[in-house]
Amino acid sequence: LEGEDGGCAVAVVLQSFPFLEELRLASNWGFSTPGAERLAAELAAAGSADPDTAGAGCSLRSLDLCECWLAGAGGGAAIAAVLRAAPQLETLNISSNWELGAVGIRAVAAGLPEGCELRVVRLPEGGAGGGGGGGGGG
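This one's a predicted model, so the numbers in the text were calculated from it and none came from an experiment.

Take the packing of helix H3 (residues 72-85) against helix H4 (residues 101-110) next. Two numbers describe a pair of packed helices, the interaxial angle and the distance between the axes. Where H3 meets H4, the axes come as close as 7 Å, and the angle between the chain directions of the two elements is 25°. One finds that H3 runs roughly parallel with respect to H4. For the element pair H3 and H4, the recorded crossing hand is right-handed. Residue-level inspection shows Gly72, Ala73, Gly76, Ala77, Ile79, Ala80 and Leu83 of H3 in contact with H4, the latter providing Val103, Gly104, Ala107 and Val108.

Summarising the element assignment, Pro18 is placed in the loop between helix H1 (3-16) and strand S1 (22-24). Sequence separation between Pro18 and Cys58 is 40 residues, and the spatial gap between their C-alpha atoms is 5.0 Å.

Reading across the sheet, the four strands line up as S1-S2-S3-S4 and stay open at both edges, with parallel pairing between neighbours. Both edges of this open sheet fall to S1 and strand S4 (120-122), since each of them pairs with a single strand only. Within this sheet the neighbouring strands show an average axis-to-axis angle of 0°, counted without direction.

Rules behind the numbers
Numbers given for residues are sequential positions, taken from 1 along each chain in its written order. Local features in this predicted model are restricted to residues of pLDDT 70 or higher, and side-chain atom pairs are both shown and tallied only at a pLDDT of 80 or more, whereas totals for entire chains, interfaces and linings draw on every residue. Each side-chain value is worked out from all heavy atoms of the structure, with water and hydrogens disregarded. Axis lines are fitted to C-alpha atoms, over the contacting stretch for helices. Their N-to-C directions set the angle, which ranges from 0 to 180 degrees. Every helix listed is a DSSP run of H or I at least four residues long, and every strand listed is a run of E at least two residues long, numbered separately from the N terminus. For this classification, under 35 degrees means roughly parallel, over 145 means roughly antiparallel, 65 to 115 means roughly perpendicular, and everything else is oblique. Crossings are classed by handedness, with left-handed meaning an anticlockwise turn of the near helix from the far one by less than a right angle and right-handed meaning a clockwise turn. Contact definition: two residues touch when any of their heavy atoms are within 4.5 Å. Paired strands are those between which DSSP finds at least two bridges.

So yeah, pure geometry; function would need other evidence.
See the structure below:
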């Protein structure tokens, strides 16, 4: 799964299987920040504009984006956008996305939706201690 097309494909799967509770995209190196951005956009477009019903057509509870080459502030913002589009998520794995760096982790935190149901978050090893978080941001 690569880039925007990969994100769109994943959104179609989630829309086709609305009772899917767990999705593992780990080690999809080509997915990257554009894939996460497109996934978020597609989920948001499929959902309601009403924040109280966001994610209503999606039962996803666990999302594994480990080692998907999410990077910098852009990657963090894309992850936060996915969380806004699917606020019912309880488990998020973004480990091994070393290029997120501190700036990406801060972008995730800053973009968390109100009422976020996250219970478990796996962060990149050393991801919050570094500086800028490399390229691919935005």
